[in-house]
Amino acid sequence: MHPAYSVIFFTVSSGAGLGLLAFMGLGPFTFGGETSDMIWAAFILGFAMAVGGLISSTFHLGHPERAWRAMTQWRSSWLSREGVIAVAALIVAAIFAALWLLLDLSSALLGIVTTILAMLTVWATGMIYAQIKAVDLWHRWLTPVCYLLFSLAGGITLFIFIHAVFTGKAGYELSSMAMVMLLVAWAVKMFWWMGADRAPTSTPESATGLGHLGKVRLLEKPHTGSNYLQREMGFQIARKHARKLRLIALVLGAVAPILLILLAIPAPLDVLWLGLAVISHLAGMLVERWLFFAEARHAVMNYY
Amino acid sequence: MTQLPETTERKLGLVIDLDTCVGCHACVISCKEWNTGGYGAPLADTDAYGSDPSGTFLNRVHTFEVKPADKPAMVTHFPKSCLHCEDAPCVTVCPTGASFKRSEDGIVLVHEDHCIGCGLCAWACPYGAREMDAVEKVMKKCTLCVDRIYNENIPEEDRVPSCVRTCPAGARHFGDIGDPDSDVSKLVAERGGFDLMPEQGTKPVNKYLPPRPKQQMSDDLDEPVNLAALAEPTANGGFLGWLDNALERLG
Ligand code: SF4
Ligand code: SF4
């Protein structure tokens, strides 16, 4: 599948931003609901990344001016559900943040609802891909699970960085939590990658219905030029390149951030290390997301 | 509304005969010709006279080679357009309600004024039956010529999809596949019509008829005919042979 940069940026940015907002939703329980510059910064970053990502996702639409229509079909469409839940999550999070930051009221109820809605949004993003039966690689329950875990891991990693910026230390418990989340998320992703080599659901034989006669291969394409289908679905990275990129994603997304967080716990330079951890993790996520598309094979390619 | 109707009153669709299709692409052209001026936005061509021409088509003809283990390979021309699936995944994924399946006749259509061009429906279709128009940025697909089949302004014999009307080989048939007594249903029953990629669970309405098995000439004849011998000149070859023949013909 063609990796569209606006969509890659959207899922990485919104994923981490919503993860941060979900984490903030637990604020009334974890840090007692005091207002501080740190809380301001966390909310601002969370909203900026979540909203920035959502806006970038409209760049790949043919008619962004009609985007509001995408809110209407939530009964059947995961893309529509994602839109509806994202708006609900941002509205609830905004009320929750405003009460907390401006009136010193940190509502546990609004916090919990923020967390749940933010996570549901990310789940819905994963389901947009998981529902596509024509793409074997995506059509699995683990797909939305990966999206969810990456979002949480990204959110906590962002938060320990902000925490270090404002308090001067990473915090032992927060850092451990971030490392555990990073480990879990990438472990599940590796499990997801292991399933990438399954036999395809459809073959040129089943696509043409001629399998009972023999082996089927394309003799002539339907046209001499290229077409939309080939540009959109025909992109697939060679397997040996995919292997290397998986390794790069893993090192940037998991290994480096975890080592940097470990470095930050005792060291005086923790802001620097944690800043690098955030950047490395997000870079790893961009590679992971690019591969998510580039490794996926669409059933229509059985006709090409 | 992107929820699918539970059932449709009729199941209009195509039956495509892979035995008779000669791969002339006439249906591709007639489809483009009718639909670029018919329902919805025109079907754009980009760089049509340049080095990288590309265009939107609702129907395309592929050509496959099928190689049986013990026999020579055979060539099958393979027209493909929207199969108007009963469980159309392209419809349920659409976030705007632009894609829908009609409950009266089962035709799957796109309401282009509502389409945001997200492309998700094209991902959902395993058959590659939907193409985003490069100029209008809306999703295009086969309409089963909904603007012909009910069109009382054109002669009755023209009230079939453009591809069916055009096919010089009679390889395309149109009708109600939901009605077991229709001509198309009888044809499907008689010839063993099949679904494409049944494992995708889309329940396509359009059916394909398999190529008939090739005749085994060598099995039917006791001794193979020596074709080369049939072409032997009666007289000697060369100039004298030609002269001989020419004089013969003069009588
Ligand atoms: S062939 Fe593709 S576009 Fe047509 S109804 Fe089936 S899934 Fe939808
Ligand atoms: S491209 Fe148009 S028809 Fe297809 S899913 Fe998006 S809005 Fe619906």
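Residues numbered from 1 in each chain as written. Chains lettered and ligands numbered in written order. Predicted model: local features only at pLDDT ≥ 70, side-chain atom pairs only at ≥ 80, totals over all residues. Heavy atoms only, no water.

**Regarding the site of ligand 1**
Next up, step 1: Lining the immediate surroundings of ligand 1 are 13 residues, of which Cys82(B), Leu83(B), Cys85(B), Cys90(B) and Cys125(B) lie closest.
Next up, step 2: Residues of the shell around ligand 1, tallied by class, amount to 10 nonpolar, 1 polar and 2 charged. (Near = heavy atom within 4 Å. Nonpolar A, V, L, I, M, F, W, Y, C, P; charged D, E, K, R; others polar.)

**Section: the pattern of salt bridges**
Next up, step 1: Applying the stated rule across the entire model yields 18 salt bridges over all chains.
Next up, step 2: Here Arg217(A) and Glu65(B) are joined by a salt bridge, their closest N and O atoms 2.9 Å apart. Of the two residues, Arg217(A) sits in strand 1 (residues 215-220) while Glu65(B) sits in strand 4 (residues 59-67), which places them in two different chains.
Next up, step 3: For Glu65(B), a relative accessible area of 19% puts it in the buried group.
Next up, step 4: Of the charged contacts, one joins Arg60(B) and Glu131(B) as a salt bridge, the two residues approaching to 2.8 Å between their closest N and O atoms. Taken together, the positions of Arg60(B) in strand 4 and Glu131(B) in strand 8 (residues 130-132) put the pair 71 residues apart, joining distant regions of the chain. Both residues of the pair, Arg60(B) and Glu131(B), belong to the buried class.
Next up, step 5: Bridged by salt links that share partners, the residues Lys189(A), Glu288(A) and Arg289(A) form one connected network. (Salt bridge = Lys/Arg side-chain N within 4 Å of Asp/Glu carboxyl O. Helix = DSSP H or I, 4+ residues; strand = E, 2+ residues; numbered from the N terminus. Buried < 20%, exposed > 50% of the residue type's maximum accessible area, 1.4 Å probe, protein only.)

**A closer look at helix 6 (residues 183-191) of chain B**
Residue and element names in this part refer to chain B.
Next up, step 1: Listed as buried for helix 6 are Val184, Ser185, Leu187, Val188 and Arg191. One side of helix 6 carries all its buried residues, which in axial view fall inside an arc of 160 degrees. Among the exposed residues of helix 6, those oriented more than 90 degrees off its buried face are Asp183, Ala189 and Glu190.
Next up, step 2: The secondary structure elements touched by the buried residues of helix 6 are strand 1 (12-17), strand 10 (172-176) and strand 11 (207-209).
Next up, step 3: Looking one or two residues beyond helix 6, the residue adopting positive phi is glycine 192, at roughly 70 degrees. (Arc of directions from axis to C-beta. Contact = heavy atoms within 4.5 Å.)

**What to know about the site of ligand 2**
Next up, step 1: As a structural note, the neighbourhood of ligand 2 is formed by Cys94(B), Pro95(B), Thr96(B), Ala98(B), Ser99(B), Cys115(B), Ile116(B), Gly117(B), Cys118(B), Gly119(B), Cys121(B) and Met139(B).
Next up, step 2: Looking at the shell around ligand 2 residue by residue, the class counts come to 8 nonpolar, 4 polar and no charged.

**Side note on the interface of chain B and chain A**
Next up, step 1: Every contact between the two is made by 58 residues of chain B and, on the other side, 57 residues of chain A.
Next up, step 2: Where chain B abuts chain A, roughly 4700 Å² becomes buried across the two surfaces, and 59% of that area is made up of carbon and sulfur atoms.
Next up, step 3: Of all residues in chain B, the largest losses of buried area upon contact with chain A belong to Phe64(B), Ile116(B) and Trp123(B), amounting jointly to 17% of the total for that side.
Next up, step 4: Counting across the chain B and chain A interface gives 1 salt bridge.
Next up, step 5: On inspection of chain B and its partner chain A, the count reaches 29 residue pairs in polar contact (both at pLDDT 80 or more).
Next up, step 6: The set of elements that each furnish at least two residues to the side of chain B that touches chain A consists of strand 4, strand 5 (74-81), helix 2 (89-93), helix 3 (120-124) and strand 8 of chain B.
Next up, step 7: Per-element accounting of the side of chain B that touches chain A gives the leading share, 8 residues, to strand 4 of chain B.
Next up, step 8: Bridging between strand 1 of chain A and strand 4 of chain B involves 5 bridges; their strand directions are antiparallel. Residue pairing for strand 4 of chain B: Arg217(A) is matched across the bridge by Glu65(B). (Buried area = accessible area lost by both parts, 1.4 Å probe. Polar contact = N/O pair within 3.5 Å; in protein donor to acceptor, adjacent residues only side chain to side chain. Pairing = 2+ DSSP bridges.)

**Focus on the sheet that holds strand 10 of chain B**
For sheets, the rule is that strands pair by backbone hydrogen bonds, running either parallel or antiparallel.
Residue and element names in this part refer to chain B.
Next up, step 1: Read across the open sheet, the 3 strands follow the order 10-1-11; overall the sheet is mixed. Each of the sheet's edge strands pairs with one partner strand only, and the pair in question is strand 10 and strand 11. Going from strand to strand, the sheet's axes swing by 25 degrees on average, the running direction of each strand aside.
Next up, step 2: Pairing of strand 1 with strand 11, which is carried by 3 bridges, proceeds in the parallel orientation. Of the residues in strand 11, the one forming a bridge with isoleucine 16 is tyrosine 208.
Next up, step 3: Sheet strands in contact with helix 6 are strand 1, strand 10 and strand 11, and its direction is about 120 degrees off that of strand 10. (Axes fitted to C-alpha atoms, helices over the stretch in contact; angles between N-to-C directions.)

**Some points on the packing of helix 7 (residues 172-194) of chain A against helix 11 (residues 270-294) of chain A**
Residue and element names in this part refer to chain A.
Next up, step 1: Following both chains from N to C, one finds helix 7 and helix 11 inclined at 20 degrees, their axes separated by 13 Å at the closest point. What the angle tells us is that helix 7 and helix 11 run roughly parallel. Crossing angle aside, the handedness with which helix 7 passes helix 11 is left-handed. Where helix 7 approaches helix 11, its residues Leu182, Trp186, Lys189, Trp192 and Trp193 are matched on the opposing element by His281, Gly284, Met285, Glu288, Leu291 and Phe292. (Parallel < 35°, antiparallel > 145°, perpendicular 65-115°, else oblique. Left-handed = near helix turned anticlockwise from the far one by under 90°.)

**Comments concerning the confidence of the model for chain B**
Next up, step 1: Scored by pLDDT, chain B has a mean of 91; 93% of the residues are at 70 or more.
Next up, step 2: Two summary scores accompany this predicted model of the complex, namely pTM at 0.90 and ipTM at 0.93. (pLDDT = per-residue confidence, 0-100.)

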